[in-house]
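Tertiary structure, described
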Amino acid sequence: MLKQERQKKILDILNEEQKVIARDLSRRLSVSEDTIRRDLKELDKNGLVRRVHSGALRIGPPVEDFFTRKEVMNEVKMELAKKAVEFVEDDMVLLIDGGTTNLHFVNQLPLSLKATVITNSPPIAMGLSNHQDVEVIMIGGALFKESMVNLGVETAEALNNIRADLYVMGIHKIDPQIGISVPSLGEAAIKRKMASISNEVLGMVTSDKLNTFSSHIVTPSSSLTYLITDAVQQDLVSLYNSQHIMVVNE
């Protein structure tokens, strides 16, 4: 088997099984462990996998800016948003941070909704401009353009005076053991604070983000009350259920 074929097979296995062990791949592909380690090193260097001590993990969707992500998987995100809206009631205080799926969520909120929405995301605030009975409170800070959210000391201080019924968390990557994670340390800190001041936390997660992780941990996955996703294996549903998370999927 040529190197290119072998590495494609490794990626196929990884996409199916979420993680791979070098020793097991050596046996399955009939090559030495040293060959597998070199393959994993090269795939890691190319940003296709995340190497760990004994093998590799699936890396998930690439880090892209808000406006690039806005054009991706829109139909799936809309369906997740429709399910999430079912958890919203009149007179709620909603805390909503950034994310393209969260933008679909606010676009699905009924115009008749009576609620208070607190957000650090300018696109989310703009998305609620036609909701006459929704009070929108915009939290300030320095604009982090990659995610189109306000971050920093000013943002954190404003959150000290808030208590929300439901926090709709934009999720970059999630793994049941590692937790919820993002590439930015500043964004991780603000998300962590938002979760801590909310009675319930809801996350909408496209299937490509499941079993993936990034550089900075926000919270354990068990901080979620509701996980809404488009596709998930039953054993993973059971794992999240054991963490007292309600999983809503197709």
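Residues numbered from 1 in each chain as written. Predicted model: local features only at pLDDT ≥ 70, side-chain atom pairs only at ≥ 80, totals over all residues. Heavy atoms only, no water.

The test is simple: UniProt positions are given in the numbering used here, feature names are shortened, and annotations may be inferred rather than shown by experiment.
The name an unreviewed UniProt entry gives the protein is Lactose phosphotransferase system repressor, with Alkalicoccus urumqiensis as the organism. The record in UniProt for the protein states the following under Function (unreviewed entry): "Repressor of the lactose catabolism operon. Galactose-6-phosphate is the inducer."

Details of the overall build of the protein
Defined as follows: Strands here are runs of E lasting at least two residues and helices are runs of H or I lasting at least four, both read from the DSSP assignment and numbered beginning at the N terminus. The size measure is the radius of gyration over C-alpha atoms, and the globule rule it meets is 2.2 Å times the number of residues to the 0.38 power. Three labels apply to residues, based on accessible area from a 1.4 Å probe with only protein chains included: buried if under 20% of the type maximum, exposed if over 50%, partly exposed otherwise in between. Residues are treated as being in contact if the distance between any of their heavy atoms lies within 4.5 Å. Asp and Glu count as negative and Lys and Arg as positive, but His and the ends of the chain are not part of the count. To locate a charge, take atom NZ for lysine, CZ for arginine, CG for aspartate or CD for glutamate.
Broken down by element type, the protein carries ten helices and 15 strands. For the protein, the C-alpha radius of gyration of 20 Å lies close to 18 Å, the compact-globule estimate for 250 residues. For the protein, the spread of C-alpha atoms along the three principal axes comes to 65 × 35 × 30 Å. Per-residue burial over the protein gives 49% buried out of 250 residues. In the protein, of all internal contacts separated by at least 6 residues, the share reaching a separation of at least 24 is 62%. Between the mean site of the 28 positive side-chain charges and the mean site of the 33 negative ones, the protein shows a separation of 9 Å.

What about the pattern of salt bridges?
Where we set the bar: One side-chain nitrogen of Lys or Arg within 4 Å of one carboxyl oxygen of Asp or Glu is enough to make a salt bridge.
For the coordinates displayed, the defined rule picks out ten salt bridges. In this structure, Asp39 and Arg6 form a salt bridge, with 2.4 Å as the shortest nitrogen-oxygen distance. Residue Asp39 is found in helix H3 (residues 33-45), and its partner Arg6 is found in helix H1 (residues 3-17); the two are separated by 33 residues along the sequence. Asp39 gets classed as buried once you look at its relative accessible area, which sits at 2%. A single network of salt bridges, built from pairs that share partners, joins Arg23, Glu33, Asp34 and Arg37.

Examining the sheet that holds strand S3 (residues 55-58)
Heads up, the rule is: In this analysis, strands are considered paired if DSSP registers two or more bridges between them. All axes here are fitted lines through C-alpha atoms, helices being fitted over the stretch that makes contact, and every angle between N-to-C directions spans 0 to 180 degrees.
Reading across from one edge, S1-S3-S2 is the order of the three strands in this open sheet, with antiparallel pairing throughout. Two strands bound the open sheet, and with one partner strand each, they are strand S1 (19-21) and strand S2 (49-52). On average, adjacent strands in this sheet sit at an angle of 20° to one another, irrespective of strand direction. Across four bridges, S2 lies against S3 in antiparallel orientation. By the bridge assignment, Val49 is partnered in S3 with Arg58. Relative to S1, helix H2 (residues 22-29) is tilted by about 80°, and along the sheet it contacts S1 and S3. Where H3 meets the sheet, it contacts S1, S2 and S3, and its direction lies at approximately 130° from that of S2.

Here we look at the domain arrangement of the protein
The criterion, for reference: The start and end points of each domain follow an automatic or database-based domain assignment. Summed over both partners, the accessible surface that disappears when two parts come together, traced with a 1.4 Å probe, is what is meant by buried area. For this analysis, a polar contact is any N or O atom pair within 3.5 Å, provided that within protein one partner can donate a hydrogen and the other can accept it, and provided that sequence-adjacent residues contribute only side-chain to side-chain pairs. In this count, Pro and Cys sit with the nonpolar residues alongside Ala, Val, Leu, Ile, Met, Phe, Trp and Tyr, while Asp, Glu, Lys and Arg are called charged and the others, Gly among them, polar.
Each assigned domain of the protein is listed here: domain 1 (3-58) and domain 2 (66-248). Here domain 1 and domain 2 have C-alpha centroids that lie 33 Å from each other. The partner domain 2 presents seven residues to the five residues of domain 1 that form the contact. Area buried by domain 1 at its contact with domain 2 is led by Gln18, Arg50 and Arg58, which between them contribute 80% of it. Where domain 1 touches domain 2, the interface holds zero salt bridges. Between domain 1 and domain 2 we count zero residue pairs in polar contact (both at pLDDT 80 or more) in total. Here the side of domain 1 that touches domain 2 is composed, by residue class, of one nonpolar, one polar and three charged.

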